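The primary structure of each chain is shown beneath.
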Amino acid sequence: MFGLSADDTVTSRLRYWSVTSPETLAFAYVTPDGQRFAYTRKELFSMSRRAASWLSKRNVCKSDVVLCLVPTSPEQTFIALGTALLGATVMCTNMQYRDGSDISPLMKTGDVTAVVVDETDQQAIVALQTFIPNLSAPSVISEAVPSLKSVIFCNRFSQLSFLVAVAAEEEGDLADVSPDDVTTIFATSGSSGQPKLVARTHSQVMTMGLNYYQCNLQTHSSLKMDVHYNPSSFGWVSGYPFLYLTTGQTRVVPYINGAPPDDEAKFTMDLMKREGVVSAFQLPQAMKTLLARADLLHCDVTWCLDLIVTGGIAIRTDIALVIGTLTTRLVVLYGSTEVGIVTYKTYDDPLKVVNFNCGKPVDGIAVKIVDDNLREVPPNSKGEIMIKHNGLFPGYLKHTGLTADATPEDGWFLPRDLAYINNEGDLFVEGRQSEVIAIGSWMMYPQLLESHLMKCPGVHDVAVVAIPDKDFENLPCVCVVQDPRPEAPLVLPEDLLRACAEYFQDSFRQVNKQRDVAVPPVCLVFDKFPLNPNGKVQRRALRALAVERLGLNDN
């Protein structure tokens, strides 16, 4: 399929598309103010090779690990692909907290040797300086990240920008890489708040891309040549460049290079129409926002997508009306960073959409539901999902204990999601069992924020729990116990909420609305928390108390 072979790598796929259809559009990044950065398949390969030369001159070489802190953009695409062409490994992420506490352990675990950062992102630079004292030196030293050798500054907004500089480079030589070489690392947070990293080989990247497109091609056989819209906010299925390699499908990505658009829904609709988008990935809350905009829907009743792909959170019938209004078909996905796409369900009738139904497994994947003792349960019985991944999950880097917990049976992955399988074999995913707070498709692990809030005056104990929200499924709620000592200052909820807002990087919050609402909007003061016999906070019980106090509907 798509000319793929078992020996393919990022390099061979870039070359394949540049030779077989050089003038076909590969990527288009469009900004809210109308700028458009578009690259054909031939230009994409050429610019990626030039980016490899640019990185090589900054001492990036084969087997290095490059952390790219540049947000979704043309610059990120070329940094990622240029790194791969050098035979190095790339990891793309956003810095979340202002003190860098989410980044330094990730870098240490991943043995990062170089960091690429936007030189205008002062908050990120200040955060890096907390554990890289000689940040601007040609060769840096960091006790927190012993493997680190250099910090590379990417100039995105001047006449001598990265894109201009890269275009002036010679096309670099291509490194000799194997399908079994690691080319990228994906990050997901652990239950302790510390990073869990999953390394992907060239071959695994191709397999994950095929699984993603299998879900779409079942009902849309011409998808390979279509224009596909991706928001910049859905983990490894976002504007991230490697998925392009599998099918060569043109990808249109919103490029937020400053302030977000005043009217995000209008920007999205106008962009998809103008670029001739045929299929799109849309989160449920984004679809509900578009459905609520009669002014946008009625201005052109002839326009409709062929396909919308969605996932990331539990899917409900309140998005069913996109079928016939925004799209002809809707595909619901379920998956994880560790194993990629697991199941999918296709709908072409809004009346047939069913709450939580994520469909049947993709080829090469199997699922089962187990009880607390890992015994498989009968159909329609609730339990935890286990996924047979056929080698797609190699384990977490440097976390043998966490890997063992996640793989209690050889070849099976345990994501800690609650679900059941009906008599027809469809998987119904109802939510997560862990402490993670699902805000749209973004997963918030509250431990680092809780540690920060524990430093606030008057706080004896703190826990961040999920409260229900109609648009994002959940929002974070800060629960705090007042320090009982007579001399302790009084805890003021508004002070803690201000501390939360100041803890997040501005750039992180601007990525999209779901990350902006990651800043807790509510703080509740309790006399005490419900605890288990071991003295640990019973988060489910605390969440129930918070929901009750706020008078929310938790159905």
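Residues numbered from 1 in each chain as written. Predicted model: local features only at pLDDT ≥ 70, side-chain atom pairs only at ≥ 80, totals over all residues. Heavy atoms only, no water.

Under an unreviewed UniProt entry, the protein chain has the name AMP-dependent synthetase/ligase domain-containing protein and belongs to Pomacea canaliculata.

Considering the sheet that holds strand E10 (residues 250-254)
Formally: The rule for pairing is simple: two strands pair if DSSP sees at least two bridges between them. For the purposes of this entry, the term helix denotes a DSSP run of H or I that reaches at least four residues, the term strand denotes a run of E that reaches at least two, and both are numbered from the N terminus.
Read from one edge of the open sheet, 9 strands run E2-E1-E10-E9-E11-E12-E13-E14-E15, paired in mixed fashion. On the outer flanks of this sheet lie strand E2 (36-40) and strand E15 (360-361), each paired with one strand and no other. Across 4 bridges, the pairing between strand E1 (residues 25-30) and E10 is parallel. The residue of E10 that forms the bridge with Phe27 is Arg251.

Remarks on helix H17 (residues 539-550)
Applicable threshold: Expected span, for any helix, means 1.5 Å times one less than how many residues it has. Accessibility here uses a 1.4 Å probe with only protein chains present; expressed as a share of the type maximum, an area under 20% marks a residue as buried, one over 50% as exposed, and anything in between as partly exposed. Here the arc refers to the set of directions running from the helix axis out to each C-beta atom.
The terminal C-alpha atoms of H17 lie 16 Å apart, and with 12 residues this matches the ideal 16 Å at 1.5 Å per residue to within 8%. Every buried residue of H17 is listed here: Arg539, Leu542, Ala546 and Val547. Looking down the long axis of H17, one finds its buried residues gathered within 140° of arc, a one-sided arrangement. In H17, the exposed positions that point more than 90 degrees away from the buried face belong to Arg540 and Glu548.

A short note on the sheet that holds strand E23 (residues 459-469)
Heads up, the rule is: Here an axis means a line fitted to C-alpha atoms, over the contact stretch when the element is a helix, while the angle between two N-to-C directions is reported on a 0 to 180 degree scale.
Strand order in this open sheet of 3 strands is E23-E24-E25, and the pairing throughout is mixed. The open sheet terminates on both sides in strands that have one partner only, identified here as E23 and strand E25 (522-526). Sheet twist, expressed as the average angle between the axes of neighbouring strands with direction ignored, equals 30°. For strand E24 (residues 473-482) and E25, the ladder comprises 5 bridges, and the chain directions are parallel.

Here's the deal with helix H3 (residues 74-85)
Here H3 is 12 residues long and its end C-alpha atoms lie 16 Å apart, about the 16 Å a rise of 1.5 Å per residue gives. Burial within H3 is extensive, with 12 of its 12 residues counted as buried. Regarding H3, the residues found buried are Pro74, Glu75, Gln76, Thr77, Phe78, Ile79, Ala80, Leu81, Gly82, Thr83, Ala84 and Leu85. Gly87, located one to two residues past H3, shows a positive phi value of around 80°.

Digging into the side chain of Asp118
Rule in force here: Pairing of N or O atoms within 3.5 Å defines a polar contact, subject to two protein rules: one partner must be a possible hydrogen donor and the other a possible acceptor, and residues neighboring in sequence count only if both atoms are side-chain atoms.
The topology assignment puts Asp118 in strand E5 (residues 114-118). Taking the relative accessible area as the measure of exposure, Asp118 reaches 4% and is therefore buried. Among the polar contacts made by the side chain of Asp118, one reaches the side chain of Arg156 at a distance of 3.0 Å.

What about the packing of aromatic side chains?
Selection criterion: Any two rings among Phe, Tyr and Trp, with Trp reduced to its six-membered ring, count as a pair given centres within 6.5 Å; such a pair is stacked if its planes are under 30 degrees apart, edge-to-face if over 60, and tilted if neither. Both a distance and an angle decide whether a charge sits over a ring: NZ of Lys or CZ of Arg must be within 6 Å of the ring centre and within 35 degrees of the ring normal.
Considering all chains together, one arrives at 12 aromatic pairs under this definition. Measuring from centroid to centroid gives 5.6 Å for Phe37 and Tyr255, while their planes differ by 70°, and the two rings are edge-to-face. With a gap of 218 residues between them, Phe37 in strand E2 and Tyr255 in the loop between E10 and helix H9 (264-274) connect regions that are remote in the sequence. Given the relative accessible area of 1%, Tyr255 is considered buried. Through pairs of rings, three or more aromatic residues link up here, namely Phe27, Tyr29, Phe37 and Tyr255. Seen from the ring of Tyr16, Arg13 lies directly overhead, with NZ or CZ sitting 4.8 Å from the centre.

What to know about the pairing of strand E3 (residues 65-68)
The alternating pattern of E3 places Val65 and Leu67 and Val66 and Cys68 on opposite faces, both of which are buried. Direction of pairing for E3 relative to strand E4 (residues 89-92): parallel, over a ladder of 4 bridges. Paired with Cys68 across the two strands is Cys92, which belongs to E4. Sheet analysis places E3 next to E5, joined by 3 bridges and oriented parallel. Bridge pairing links Leu67 to Val115 in E5.

Side note on the packing of helix H2 (residues 41-56) against H3
Our working definition: For this classification, under 35 degrees means roughly parallel, over 145 means roughly antiparallel, 65 to 115 means roughly perpendicular, and everything else is oblique. Pairs of residues are marked as contacts when any of their non-hydrogen atoms sit within 4.5 Å. Each residue receives one of three labels: charged for Asp, Glu, Lys and Arg, nonpolar for Ala, Val, Leu, Ile, Met, Phe, Trp, Tyr, Cys and Pro, and polar for the others, Gly being one of them.
In the contact formed by H2 and H3, the axes pass within 7 Å of each other and the chain directions differ by 75°. One way to sum up the angle between H2 and H3 is to call them roughly perpendicular. The segment H2 lies against H3, with Leu44, Phe45, Met47, Ser48, Arg49, Ala51, Ala52 and Leu55 engaging Thr77, Phe78, Ile79, Leu81, Gly82, Thr83 and Leu85. Taken together, the residues that form the contact of H2 with H3 break down as 10 nonpolar, 4 polar and 1 charged.

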